[in-house]
Structures are given as C-alpha cells and as structure tokens.
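What follows is each chain in one-letter form.
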Amino acid sequence: ELADIYETAGRYEILHDGARRVQTVTCDVQGRDINSFVKEAKSQILSIISFPPDGYIEFKGAAEAAAKSTRDLIVHSLLVAIVIILILSMAMSSIQNLILILVNLPFALTGGILAIFLAGGNASLGSLVGFVTLFGISLRNSILLLSHYEHLVLVEKLKWSKEISIKGASERLSPILMTALATGLGLLPLAITSRPGTEIEGPMAIVIFGGLITSTALNLLVLPTLALRYGRFKNKSDQIL
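This one's a predicted model, so the numbers in the text were calculated from it and none came from an experiment.

Asks: Would you mind going over helix α6 (residues 173–192) in detail, with residue names and values included?
Replies: Taking 1.5 Å of rise per residue, 20 residues should cover 28 Å, and α6 covers 27 Å from first to last C-alpha, within 8% of that figure. Of all the bends in α6, the greatest, near 35°, is centred on Gly-186, and the proline Pro-189 appears no more than four residues after it. Regarding α6, the residues found buried are Ile-176, Thr-179, Ala-180, Gly-184, Leu-187 and Ala-191. Where α6 is buried, its residues touch α4 (125–155) and α7 (201–221).

Put into structure tokens, the structure is as follows:
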C-alpha cells in the first residue's frame with residue numbers, strides 16, 4: 001500500500017550529512033592552482049545555479065585543507081617572527097643593527113616574488129612555506145655579517161670605517177656563498193621539475209632559489225654600505241660610532 005518495489009538501475013547509495021541529503025561532485029584540477037579554480041568555480045556556480053532555501057554548496061577536499069593550512073601557517077609564522085625579533089633585539093648591541101638585519105628580508109622577498117612571476121605567477125601553500133624558509137636563511141646571512149662587524153670592533157678593537165666594512169664583507173663572503181650555493185643547488189632539481197607529487201615542494205623550491213639569488217647578492221653588496229652609514233658598534237676606546 002505504501003510503495004511499489006522493483007529492480008531498476010540507479011544510485012546504489014544516498015548520502016546524508018547531519019540529516020541532510022548530500023550530492024558529491026568531484027574533479028581534478030590540472031594546469032592551474034586550486035585556489036584560483038575554487039574562486040572561479042564559486043562565482044560561476046552561484047551566478048548560474050539557483051539553490052532552494054534549504055540547499056547550499058560547500059567546497060571541501062584539497063581546497064579546504066589548503067586554505068586552513070595557509071591560515072595556520074600565517075598565524076604561526078607571525079608568532080614565531082615576534083619571538084625571533086625579541087631574541088635578536090637582546091642579542092644585538094643596538095636597535096639600528098637589528099633593523100639592518102631585518103633589511104635583508106625585502107631583499108629576499110623581491111627575489112621570491114620575481115621567481116613566482118617567472119614561473120607562472122601562481123602563489124600557493126608551497127610558496128608560503130618557501131618564503132618562511134627563505135626568510136630564515138636570509139636572516140642567518142645578515143646575522144653572520146653584522147655579528148662579524150661587531151667582532152671586529154669589540155674584540156679586535158678596530159675602528160669602524162669603510163675599510164672595516166669591506167674587510168668584514170670579504171671575510172664573510174665564503175660562508176654566505178656556501179650557504180646559498182648548497183641550498184640553491186640542493187633545491188634546483190625541484191625548482192626546474194614539474195611532475196605530480198611536487199605541488200608543495202616545487203613552488204617552495206622556486207621561491208627559495210629565486211630569493212637566495214637576490215638576498216645573497218644584495219646582502220654582500222648593499223648591506224655593508226647600509227651598515228657603514230647606519231650601523232652602531234661600541235668598544236671601550238670609542239663611543240658610539
């Protein structure tokens with residue numbers, strides 16, 4: 001009396017989520033990043049399809065995971081950056097020297113952005129991870145140079161001058177170049193190879209490789225000049241120089 005029961009072809013499973021009927025549509029994204037695809041898909045679907053009052057659409061899977069990972073990475077990176085700045089402020093002899101260390105970050109950022117642009121202009125979670133790693137390497141190179149300047153003035157009792165600026169940069173040339181070359185050559189295969197499974201490592205390697213080029217060059221050429229003009233070092237025989 002209630003239904004006619006018979007065999008037919010159709011869906012073998014009716015999905016529910018929270019007592020609501022669910023229809024799942026899956027797709028694979030190729031040739032572009034997931035974030036831009038999801039943004040375009042949302043705008044087109046919402047402009048073409050009219051949903052009933054009790055119906056709505058959700059984008060899940062890799063798109064949702066990537067968005068959540070991006071938010072978490074940004075928040076955690078900001079917290080860690082604050083801690084790093086506090087530690088550096090205690091380690092360096094003056095605020096001017098701390099600012100000089102942080103100046104290397106725009107040097108690295110420029111190269112990373114240029115690398116993304118040359119690679120197709122698609123920013124992704126891998127790119128953000130690359131920038132975090134790149135900033136760490138760049139800060140290390142800046143600390144190497146500025147701490148050696150302080151060693152020359154405070155320990156070796158040399159008077160801060162143009163000659164000392166050049167001397168410190170030349171003596172730190174080898175360790176800075178070795179750090180950049182070892183990292184860059186190690187990531188080069190990932191940066192020039194595009195294959196399935198490298199969605200995170202590929203953009204990360206591209207950002208680090210491009211940023212290392214600009215940050216290393218500008219760290220050895222521009223930073224010594226800025227340190228000569230704005231650097232502040234103290235020793236017993238000289239006041240603030």
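Moving on from the coordinates now.
Asks: Any chance you could break down unusual backbone geometry for me, citing the residues and the numbers?
Replies: Here the phi dihedral of Lys-157 falls at roughly 60°; this positive angle occurs in a residue that is not glycine. Positionally, Lys-157 belongs in the loop between α4 and α5 (162–171). With relative accessibility at 45%, the residue Lys-157 sits in the partly exposed group.

Asks: Now, about the packing of aromatic side chains: what can you tell me, with residues and values included?
Replies: Across all of its chains, the model carries two aromatic pairs by this definition. Taking 4.9 Å as the distance between ring centres and 65° as the angle between the ring planes, the aromatic pair formed by Tyr-149 and Trp-160 counts as edge-to-face. In this pair, Tyr-149 is assigned in helix α4 and Trp-160 in the loop between α4 and α5, connecting sequence segments eleven residues apart. Note on accessibility: Tyr-149 and Trp-160 belong to one class, buried.

Reading the values: rules and limits
Residues numbered from 1 in each chain as written. Predicted model: local features only at pLDDT ≥ 70, side-chain atom pairs only at ≥ 80, totals over all residues. Heavy atoms only, no water. Helix = DSSP H or I, 4+ residues; strand = E, 2+ residues; numbered from the N terminus. Expected span 1.5 Å × (residues − 1). Bend = angle between axes of the 7 residues up to and from the residue. Buried < 20%, exposed > 50% of the residue type's maximum accessible area, 1.4 Å probe, protein only. Contact = heavy atoms within 4.5 Å. Phe/Tyr/Trp six-rings, centres within 6.5 Å; stacked < 30°, edge-to-face > 60°.

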